[in-house]
Each structure stands twice: as structure tokens, then as C-alpha cells.
Amino acid sequence: MRTLALAVALVLCVPAVAAAETNSTEPPPPADRFFSYDRPATYGVHIGRTEVPVRDGSHLACDVHRPAGVDGQPAPGRFPAIVYDYNAYDQLEALGEAARYYVTRGYVAAVCNARGSGDSPGHLDPFSAQEQRDNYDLIEWLGTRPWTNGRVGQMGVSYGGHSSVLVAVNKPPHLAAIIPVDAISDWYENTIYRGGIYSPRIRAWQQSTAPDTLVTYAQHPLYDDFWRERSVKARWRDLDVPTLQIAGWYDRYRDGMVANYQARKENVWLVAGPWQHGMPAGQYADIGTGGFLAWWDRWLGGRRAPLPAKKITSFETPAGGWRQYDDWPAASTHTSRLALGADGRLVPGAGRPFTASFAVNTEPAPGTPDERLVFATGTLRHDLVLAGGIEASVRATFSATDGNLAVVLSDLAPDGTTTRITQGWLKASHRNGHERLAPVRPGVTYDLPVHVWPTHYRVEAGHRLQVTVSSDDYPEIDSDAPAGRVTITRGTVAVTTF
């Protein structure tokens, strides 16, 4: 069942955005010795099942993989250690095999089941304070073994990535560095309530992995201490260990990972590729394992391994190749505004007032033209590279006592086909934040800020940039807006471009 849960989670977490259609030619890797770093394997692997004690008297079921000699027994000496993909999917054997690369190069790897999963007793409550305490205790146990050097790292993807950043803000003394892949800044904002609107994409994962959350998450529709407990954003000041973030421009956590970088530029590096949810391995523009090993050798192993040449290594989607920058957004970018117009045009500037409306959850069926407004630029004379954050501002009136807005940016090709680039959402009653509701009175006009996920995307000359405004974007958000009409009288989209 846990194996099925992981498979379901990986499928569900792929956002509704078209990844690049790739051909058989892989792009060249980043021209950076960090990514080509390597050294040969020099050890075998010894595996031992261990019950790691935690502070409340319980324990975690772990497989500890140690460098081994030719006799198969643990090699003498003290080695750096890695907590490898701490999650609740009970895949110790598969994860141990994935960790083998590091163990054969002189690392101890602990592969463990979170509390309430596999053979770890207790109740599973993903990303809770209890799970974070257990993870902290695991790191401290590992860092104080006589066969480790006291320097522990943690890495993982999705669940394991979330665990890595969450335990880091708890500041276990022996944690020296982390590599989170597809990780959160905030569980509420990134995953559960997008702009205050529940995301149905997560429900199958909840049902298969942590059914109790179907109840508890619904009991907390507003941002409160329940969610702060599961947030890195609420504790950014404590994210102070060296952090190598691996993100995908087609992944649901790209917004959170960019936010983590922007909050902690001193100690966070960001690599963002043309990847969907999951490890880069096997995907288009895979970066290999060299950078991962270089990171651990640098911070855990005491070797003179390189860091990335720049703070940001980003792939220009859909097929523009790798770029490196000192910061994100890059210093050479600028922000400009595009205005929504009454005639469906998307034009530079602040725009003028106009009136246009669309239906919400009424006949005709959802998804028909009357349930959305579409705006587009003229045909681009030159390529337009979007490279950073996007913020939409929509002045709207609702006929109901609440409403949803979904803003979707797309690449409109000459043949009329569209490719989704990025998107953002907002429930009108959350326009002043997610901690308390702001009343929505029918017929009253409100200015609504819609945060749109960042991107790095080239819209080619001859194409057009399209913006769609609606109240529905299933399955990214629930189709829970009250029936009625939404009237737009002004709108702009601020984009960051080269």
C-alpha cells in the first residue's frame, strides 16, 4: 500500500502545465565543474536494520548503510552521514539502493520510516511538529555514533524534501547541510490551499498516505498555528545551513523554492530545471549526480569540492538551455506591466477601465467560453523571455458573497495551440491574507492581488502571450466558487523579463 501511495503522490503532484516536448537530443549540461564533479567508489556497503530511539520513548525503523571493506563488514573510521529521503512511504530497500552511490564513496546513509509508517510505530501526521522532532532526534543520534564524523546532511524529494527543510529550521546541532528536491516553503500555500482555495490534486495522496488529514486539513481553512507548525516560511530566519535546492519549472513547488532562495540568499543555492515532479534523474536535461556529491563532499566530507559557479542555475524552458545568474531575478531583468483591455488585447502600461464579465458555475457547462475572459498580446516581433515572479492585479465585482479568481499565462502559437506557462489563484475573501476572511459584498468592487508562480520561459517571436481570467481551474483548485457572475473593470499583469 505504501508503494502505491508513493506512486499516486508522484502522479498527482505533476501540475497541469505542458512540459517541453523533447527530442532525442539532450541539451548540454551546465558548463560548471560543480555538475561534472566525481570520484570513484572505494567501499562496499554494509546494511543493518536499526531502531533509532526518539525522545518520547518510541523509535524509528531504519536501515543504516555503512561503507564496508572487502569482507562486507563496516569499514573502520568515522564517516560523514546522510539522512536519505525521510518519508512515510516504507520503501527502505529502494531508497537504500538509491543511496548506494554515496555509501560507496564514504558516506553513512540512514534510510528510515517516519513515525506511523512501515515498522515505525505511532500515528502518521505528515510534517507535524512531532514528525520534525523525530527527524531532529534521528539526526542527533546519527551525528553522535562512533562511526560518523559528527557532520550530517539530509536530502530527499517531495515528502523527503519537505522533511529536509522543516528539520533544518529546527536547527539540530549536527545538521551541516541539506539538499531538498521539490520542497515547500509553506505546506498551506504551496499544496493545500492555493490562494485560499483547496487543491483537489492532493486528495488522492491524502487518502492513500494520511487519511486523517482529509478531516484535519478541512478543519483549518484559514492560516493558523496548525499551518505555521508545518511551514518553513514562518521560520525562514532559522534556515541557516547551506542549502542546495533542486526545483523543476514544471513542478508544483517551484514557487516555494524560489521564495526560500529569496528569503535566505546568503546560504541557499537554487538549481531549476525543465522538470516535472520528482528527481531530475531520467528526465530531460538530467544534471546527473556530480553536483550532489560535490555538495556533500564540500560541507560534510571536508574535501575541496566546488560550489556552483553562480547562486542560480536555471534552464530556460521549454528548450533554451542552461543559464547561470548571480541572483534571481537576474540583475539584467526588468519588470513591466501588461494591461487587460476590453477588446481582449493585452497591452503595455496601466490600461484603462473597461467592463467585461464571465459566468461562474452556471449553465452552460463549466469550461465554456462564457466562463472565462481571454486576453492576448499582438504577435511578438522578438522573443520574450519571462524570468522571475509575476503578479496580477484584478479589479472585480462579484454577484455572490465570495468568489475565486484563476489567472493563467499561456504561450499562444501561430496555429492557435496554447501551452500553459504558469498560473495563480485567489479566493476573494482571502484578498487581505489567509489568516482571516475579508467580507465580499455583492456588487462592491474590490482590487484583488493574484500571485502567479514564477517561471523561466521563452515565448518565441511570431507567438503571442495569452492571459486567461476565470473562476475555475480544476484540478488545480476546487470548483467551489458560488454561482453567479464576475465583472472585471480593470486588470494588469506585472511580468519580469530580460
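The structure displayed is predicted, hence computed values, not measured ones. (Residues numbered from 1 in each chain as written. Predicted model: local features only at pLDDT ≥ 70, side-chain atom pairs only at ≥ 80, totals over all residues. Heavy atoms only, no water.)

(A) Representation of the overall build of the chain. A count of helical and extended segments in the chain gives eleven helices and 22 strands. For the chain, contacts bridging at least 24 residues in sequence account for 77% of all contacts bridging at least 6. When the accessible area of the chain is evaluated, it comes to approximately 19100 Å², of which 51% is carbon and sulfur surface. Averaging the positions of the 47 positive and the 52 negative side-chain charges in the chain gives two centres separated by 6 Å. (Helix = DSSP H or I, 4+ residues; strand = E, 2+ residues; numbered from the N terminus. Contact = heavy atoms within 4.5 Å. Areas by Shrake-Rupley, 256 points an atom, 1.4 Å probe, with all protein chains shown as cover. Lys, Arg positive; Asp, Glu negative; His and termini not counted. Charge placed at Lys NZ, Arg CZ, Asp CG, Glu CD.)

(B) Just helix H11 (residues 290-299), in detail. Within H11, eight of the ten residues are buried, which leaves the element mostly enclosed by the surrounding structure. Within the span of H11, buried status applies to Gly290, Gly291, Phe292, Leu293, Ala294, Trp295, Trp296 and Asp297. (Buried < 20%, exposed > 50% of the residue type's maximum accessible area, 1.4 Å probe, protein only.)

(C) Local environment of the pairing of strand S22 (residues 484-497). Counted residue by residue, S22 has ten buried out of 14 residues, so it is predominantly covered. Note: strand S13 (residues 334-340) against S22, six bridges, orientation antiparallel. Bridged to Thr335 within S22 is Thr496. Alignment of strand S15 (residues 356-360) against S22, held across five bridges, turns out to be antiparallel. The residue bridging Ser357 from the neighbouring strand is Thr487, located in S22. (Pairing = 2+ DSSP bridges.)

(D) Structural context of the nonpolar core. Of all hydrophobic cores here, the largest spans 64 residues; its most connected members are Leu138, Leu142, Tyr159, Trp187, Ile192, Trp227 and Trp328. Setting aside anything within four residues of it in sequence, one finds Tyr159 in contact with Tyr86, Asn87, Ala88, Tyr89, Ala114, Leu124, Pro126, Phe127, Glu131 and Trp205. (Core = buried A, V, L, I, M, F, W, Y, C linked by side-chain atoms within 4.5 Å.)

(E) Geometry of the confidence of the model for the chain. For the chain, the average pLDDT comes to 94, and 94% of its residues sit at 70 or higher. Taken as a whole, residues 1-23 scores under 50 in pLDDT and shows 51 contacts with residues more than four places along the chain or in a different chain. (pLDDT = per-residue confidence, 0-100.)

(F) Structural context of the packing of aromatic side chains. Taken as a whole and assessed by the stated rule, the structure comprises 28 aromatic pairs. Between the aromatic rings of Phe226 and Trp227, the centroid separation amounts to 4.9 Å while the plane-to-plane angle is 90°, which identifies the pairing as edge-to-face. Residue Phe226 is classed as buried on the basis of its relative accessible area of 17%. By relative accessible area, Trp227 is classed as buried at 0%. Through successive ring pairs, a cluster of aromatic residues spans Tyr188, Tyr193, Tyr198, Tyr217, Tyr223, Phe226 and Trp227. The ring of Tyr136 is capped by Arg55, whose NZ or CZ atom sits 5.4 Å from the centre of that ring. The lysine or arginine in question, Lys311, covers the ring of Trp269, its NZ or CZ lying 3.7 Å from the ring centre. (Phe/Tyr/Trp six-rings, centres within 6.5 Å; stacked < 30°, edge-to-face > 60°. Lys NZ or Arg CZ within 6 Å of the ring centre and 35° of its normal.)

(G) Spatial organisation of the pattern of salt bridges. Under the criterion given, the structure shown has 27 salt bridges. In this structure, Glu435 engages Arg228 in a salt bridge whose closest nitrogen and oxygen atoms are separated by 3.0 Å. In this pair, Glu435 sits in the loop between strand S19 (418-427) and strand S20 (445-459) while Arg228 sits in helix H9 (residues 225-228), placing the two residues 207 residues apart along the sequence. A relative accessible area of 28% means that Arg228 is categorised as partly exposed. Arg323 serves as the salt-bridge partner of Glu316, at 3.8 Å between the closest nitrogen and oxygen. Residue classification places Arg323 among the partly exposed residues on the basis of a relative accessible area of 30%. Residues joined in a network through salt bridges with shared partners are Glu316, Arg323, Asp383 and Arg458. (Salt bridge = Lys/Arg side-chain N within 4 Å of Asp/Glu carboxyl O.)

(H) The environment of Pro274, seen in detail. Looking at the element boundaries, Pro274 is found in the loop between strand S10 (268-273) and H11. Between the C-alpha atom of Pro274 and that of His456, which follows or precedes it by 182 residues, the distance is 9.3 Å. With near-sequence residues (within four places) excluded, Pro274 lies in contact with Tyr250, Tyr284, Ala285, Phe315, Thr317 and Trp322.

(I) View of the sheet that holds strand S5 (residues 148-157). Ordered by their spatial adjacency, ten strands build an open sheet running S1-S2-S4-S3-S5-S6-S9-S10-S11-S12, and the pairing between neighbours is mixed. Every interior strand has two partners, whereas the edge strands, strand S1 (44-53) and strand S12 (321-325), have only one. Put simply, the sheet's adjacent strands are angled 20° from each other on average, direction ignored. Both strand S3 (residues 79-84) and strand S4 (residues 108-112) contribute to a ladder of three bridges, which runs parallel. Within S4, the residue paired with Ile82 across the bridge is Ala109. (Axes fitted to C-alpha atoms, helices over the stretch in contact; angles between N-to-C directions.)

(J) Structural context of unusual backbone geometry. Between Trp328 and Pro329 the backbone carries a cis peptide bond, its omega angle lying at -5°. If you trace the backbone, Pro329 turns up in the loop between S12 and S13. Here Tyr474 and Pro475 are connected by a cis peptide whose omega angle stands at 10°. Structurally, the position occupied by Pro475 is in the loop between strand S21 (464-470) and S22. At Asp90, a residue that is not glycine, the phi angle is positive and equals roughly 50°. Mapping Asp90 onto the fold places it in the loop between S3 and helix H3 (92-103). Of note in this structure, Lys171 is not a glycine but carries a positive phi near 60°. Note that Lys171 resides in the loop between helix H5 (159-168) and strand S6 (175-181).

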